[in-house]
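Residue-level structure breakdown
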Amino acid sequence: MVEWTEQERSIITGIFANLSYEEIGPKALVRCLIVYPWTQRYFSSFGNLYNAEAIRGNPNVAAHGIKVLHGLDRAVKNMDNIKATYAELSVLHSEKLHVDPDNFRLLADCLTIEIAAKLGTAFTADTQAAFQKFLAVVVSALGRQYH
Amino acid sequence: MSLTAEDKAIVKAFWAKASGRAEEVGSEALSRMLAVYPQTKTYFSHWKDLSPKSAQVKKHGKTIMAGVGEGVAKIDNLNAGLLKLSELHAFTLRVDPANFKILSLNILVVFAVLLPAEFTPEVHVALDKFLAALSRALSERYR
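Each value, and the rule that gives it
Residues numbered from 1 in each chain as written. Chains lettered and ligands numbered in written order. Predicted model: local features only at pLDDT ≥ 70, side-chain atom pairs only at ≥ 80, totals over all residues. Heavy atoms only, no water. 1 Å grid on protein atoms, 1.4 Å probe; cavity = no way out; pocket = protein on both sides within 12 Å on 5 of 7 lines; lining within 4 Å. Points joined across faces, edges and corners; volume = space filled by probe spheres on them. Helix = DSSP H or I, 4+ residues; strand = E, 2+ residues; numbered from the N terminus. Nonpolar A, V, L, I, M, F, W, Y, C, P; charged D, E, K, R; others polar. Core = buried A, V, L, I, M, F, W, Y, C linked by side-chain atoms within 4.5 Å. Buried < 20%, exposed > 50% of the residue type's maximum accessible area, 1.4 Å probe, protein only. Axes fitted to C-alpha atoms, helices over the stretch in contact; angles between N-to-C directions. Parallel < 35°, antiparallel > 145°, perpendicular 65-115°, else oblique. Left-handed = near helix turned anticlockwise from the far one by under 90°. Contact = heavy atoms within 4.5 Å. UniProt positions renumbered as here; feature names shortened; annotations may be inferred. Buried area = accessible area lost by both parts, 1.4 Å probe. Salt bridge = Lys/Arg side-chain N within 4 Å of Asp/Glu carboxyl O. Polar contact = N/O pair within 3.5 Å; in protein donor to acceptor, adjacent residues only side chain to side chain. Phe/Tyr/Trp six-rings, centres within 6.5 Å; stacked < 30°, edge-to-face > 60°. Lys NZ or Arg CZ within 6 Å of the ring centre and 35° of its normal.

Residues and elements named next belong to chain B. Tallied over the full model, the rule gives 1 cavity of 30 Å³ or more. Forming the walls of the largest cavity are Val11, Phe14, Trp15, Val68, Val72, Phe111, Leu127, Phe130 and Leu131. Looking at the lining of the largest cavity, the elements that each hand over two or more residues are helix 1 (5-18), helix 3 (55-73) and helix 7 (121-139). Looking at side-chain class alone, the lining of the largest cavity contains 9 nonpolar, no polar and no charged residues.

This part is about the nonpolar core. If you look at the biggest cluster of nonpolar residues, it comprises 77 residues, and the most contacted ones within it are Phe16(A), Ile82(A), Leu111(A), Phe134(A), Phe111(B), Phe119(B) and Phe130(B). Per-element tally for this core: the top contributor is helix 6 (residues 98-114) of chain B, with 11 residues. Counting residues in hydrophobic clusters, the runner-up holds 10 residues, among them Leu29(A), Phe46(A), Leu49(A) and Ile55(A).

A few words on the packing of helix 2 (residues 21-35) of chain A against helix 7 of chain B. Where helix 2 of chain A meets helix 7 of chain B, the axes come as close as 9 Å, and the angle between the chain directions of the two elements is 45°. Regarding the angle of helix 2 of chain A to helix 7 of chain B, the classification is oblique. As for the relative orientation of helix 2 of chain A and helix 7 of chain B, their crossing is right-handed in sense. Side by side, helix 2 of chain A and helix 7 of chain B meet where Arg31(A), Ile34(A) and Val35(A) of the first sit next to Pro121(B), Glu122(B), His124(B), Val125(B) and Asp128(B) of the second.

Below, the discussion takes up the UniProt feature "domain: Globin" (unreviewed entry) in chain A. Sequence positions flagged by UniProt for "domain: Globin" (unreviewed entry) are, in local numbering, residues 3-147 of chain A. Along residues 3-147 of chain A, the helical share is 70% and the strand share 0%, with 26 Å between the first and last C-alpha atoms.

Let us now look at the environment of Tyr42(A). Residues and elements named next belong to chain A. Mapped onto the fold, Tyr42 is located in the loop between helix 2 and helix 3 (52-57). Residues Tyr42 and Val99, 57 residues apart in the sequence, show an inter-C-alpha distance of 7.4 Å. Ignoring any residue separated from it by four or fewer positions in sequence, one finds Tyr42 in contact with Leu97, His98, Val99, Asp100 and Asn103.

A word on the interface of chain B and chain A. On the side of chain A, 20 residues touch chain B, which itself brings 20 residues to the contact. Summing the contributions of chain B and of chain A, the shared interface buries around 1,700 Å²; its carbon and sulfur component is 64%. There are 1 salt bridge connecting chain B and chain A. Linking Arg56(A) and Glu122(B) is a salt bridge whose minimum nitrogen-to-oxygen distance equals 2.8 Å. Joining chain B to chain A, the criterion identifies 8 residue pairs in polar contact (both at pLDDT 80 or more). The set of elements that each furnish at least two residues to the side of chain B that touches chain A consists of helix 2 (22-36), helix 6 and helix 7 of chain B. In terms of residue count, the dominant contributor to the side of chain B that touches chain A is helix 6 of chain B (7 residues).

As a further point, take the packing of aromatic side chains. Residue and element names in this part refer to chain A. Evaluated as defined, the whole model comprises 12 aromatic pairs over all chains. A centroid spacing of 6.4 Å and a plane angle of 40° characterise the contact between Phe16 and Phe131, whose relative ring orientation is tilted. Linking Phe16 in helix 1 (residues 6-17) with Phe131 in helix 9 (residues 125-143), this pair joins segments that are 115 residues apart in sequence. When its relative accessible area of 6% is taken as the criterion, Phe16 is described as buried. Ring pairs connect the aromatic residues Trp4, Phe16, Phe123, Phe131 and Phe134, which therefore count as one cluster. Here Lys133 stacks its cationic end above the ring of Trp4, 4.9 Å away from the centre of that ring.

Considering the arrangement of structural elements, one finds Asp96(B) in the loop between helix 5 (83-93) and helix 6. Taking C-alpha positions, Asp96(B) is 9.5 Å from Tyr142(B), a pair spaced 46 residues apart along the chain.

The next point concerns the pattern of salt bridges. Pairing between side chains of opposite charge can happen when their charged atoms approach one another. Here the structure, examined in full by the defined rule, presents 15 salt bridges over all chains. Of the charged contacts, one joins Lys27(A) and Glu23(A) as a salt bridge, the two residues approaching to 3.6 Å between their closest N and O atoms. Residue Lys27(A) and its partner Glu23(A) are both found in helix 2; the two are separated by 4 residues, about one turn of the helix. Using a relative accessible area of 40% as the deciding quantity, one classes Lys27(A) as partly exposed. Here Glu28(B) makes a salt bridge to Arg32(B), at a shortest N to O gap of 2.8 Å. You can see Glu28(B) and its partner Arg32(B) sitting in helix 2, 4 residues apart, about one turn around the helix. The exposure class of Arg32(B) is buried, given its relative accessible area of 3%. What emerges from the salt-bridge pattern is a single network uniting Glu6(A), Arg9(A) and Asp80(A).

Shown next as structure tokens:
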């Protein structure tokens, strides 16, 4: 069981309450596809991903970025039970989507960078610690059902 | 994943903008690493004060970024250029090389915090590759 302090809970809910999903979701996924180009393997149906310009302008990428970010909402609402909350999503990513779970960590790092860029110095070391802890729990839950 | 000519150009251009704040970047990155990855504190058990404002953290942040700057200057041959630093980390400090990745991530986070407009995905990938190459050079003499 993951233990959360009151401060950690309020940091996490605070970040998501003030988040622009339409802005950060696409940016995080775009960054991931550019910085870790092998992640593009999962998006061959998305059309043109040939270069950074194409990735940035791709509406499928943007839409998917928003979808993924909203996917984190359930974890924020169920922080004491993220493992169970994501059991089905984990099966989906393993059995249907066949995503290497290391990619979850890569996207999590890109999301951390985008939040850092957005919040600037308000993204303190304590904020970063809480946010990365949250994402680590999410990443672990998403990889849990792989076998 | 070796550095292309373009990667090197991007790294040098970004470093020209960031190096003026090297000390700030270094101490921020170090503080964040100690806070977010507490296992890294084990290497600093001889320090009295691990808080971000401590003189030791600030000084060490500066030392680390001087190493990064040396990497930028010797970007065309990191393994040979950083041999002495590698020997220091391998034989004296004996830092587990897994921690190089951790510090690298925190350096990138601080770049995003302090220079969000410049730290585009294109710059990010070049710097990520550079820090990975730097880490490999530092690991060169371990075994």
